[in-house]
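Residues per chain, in single letters:
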Amino acid sequence: MDDDIKDKLVEYLKVMTWYHSEKKEPTGLFATIGHIETTLSSLNRNLENANNSSTKLSAALNWLTGVLAIAAIAQVVVTLLK
């Protein structure tokens, strides 16, 4: 093996040995993936909360519409009975 290539290989191995001894994992990649996962979880929770709120609002509006319809019918009946 050529001495120049051998020296570069030894230097490369030293750098990689240092890198892996200092960093247990490539933190940039895993931090980014973790951030994406956290953001998606948060968005999913927000969507679930919005869906629950929408369902509750729809139920309340349906109830209110029913009450108003009954009140209108009662008003018509009272008017007719006069």
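These numbers come from a predicted model, not from an experiment.

A. Representation of the overall build of the chain. For the chain, the count of helices and strands is 2 helices and 0 strands. Computed over C-alpha atoms, the radius of gyration of the chain comes to 34 Å, more than 25% over the 12 Å expected from 2.2 N^0.38 for 82 residues, which places it beyond the range of a compact globule. Structurally, the chain occupies a C-alpha span of about 115 × 20 × 10 Å along its principal axes. Counting across all 82 residues of the chain, residues that qualify as buried make up 0%. For the chain, the exposed surface amounts to about 7,500 Å²; the carbon and sulfur share of it is 65%. Where the 8 positive side-chain charges of the chain centre and where its 9 negative ones centre are 19 Å apart.

B. Structural context of the pattern of salt bridges. Scanning all chains against the criterion turns up 1 salt bridge. For Lys 8, the salt bridge is made with Asp 4, and the minimal N-O distance between the two is 3.7 Å. With Lys 8 and Asp 4 both in helix α1 (residues 3–22) and 4 residues apart, this pair spans about one turn of that helix.

C. Region of the structure containing a nonpolar patch on the surface. On the surface, a nonpolar cluster with roughly 610 Å² of combined accessible area is contributed by Leu 57, Leu 61, Trp 63, Leu 64, Val 67 and Leu 68. Looking at where Val 67 falls in the secondary structure, it is placed in helix α2 (residues 27–81).

D. Highlighting the environment of Tyr 19. If you trace the backbone, Tyr 19 turns up in helix α1. What makes Tyr 19 partly exposed here is its relative accessible area of 26%. When the C-alpha positions of Tyr 19 and Glu 48 are compared, they lie 42 Å apart, and in sequence the two are 29 residues distant.

The rules behind these values
Here the residue index of a chain counts from 1 through its sequence in written order. Selection of residues for local features in this predicted model requires a pLDDT of at least 70, selection of side-chain atom pairs for listing and counting requires 80 or more, and totals for whole chains, interfaces and linings are taken over all residues. As a rule here, side-chain values cover all heavy atoms of the structure and leave hydrogens and water aside. Each helix is a run of DSSP H or I of at least 4 residues and each strand a run of E of at least 2, with the numbering of both proceeding from the N terminus. In this setup the radius of gyration rests on C-alpha atoms only. A globule is expected at 2.2 Å times the number of residues raised to 0.38. Buried residues are those whose accessible area, probed at 1.4 Å on protein chains only, stays under 20% of the maximum for their type, while exposed residues exceed 50% and partly exposed ones sit between those limits. All accessibility values rest on the Shrake-Rupley procedure with a 1.4 Å probe; residue burial counts only the protein chains present in the view. Charged-residue counts in this description rest on Lys and Arg as positive and Asp and Glu as negative, His and the chain ends being excluded. A single reference atom marks each charge: NZ on Lys, CZ on Arg, CG on Asp, CD on Glu. Only one rule defines a salt bridge in this text: a Lys or Arg side-chain nitrogen within 4 Å of an Asp or Glu carboxyl oxygen. Patches were defined on residues exceeding 30% relative accessible area and lacking a salt bridge, with like-charge contacts within 9 Å and nonpolar side-chain contacts (Val, Leu, Ile, Met, Phe, Trp, Tyr) within 5 Å.

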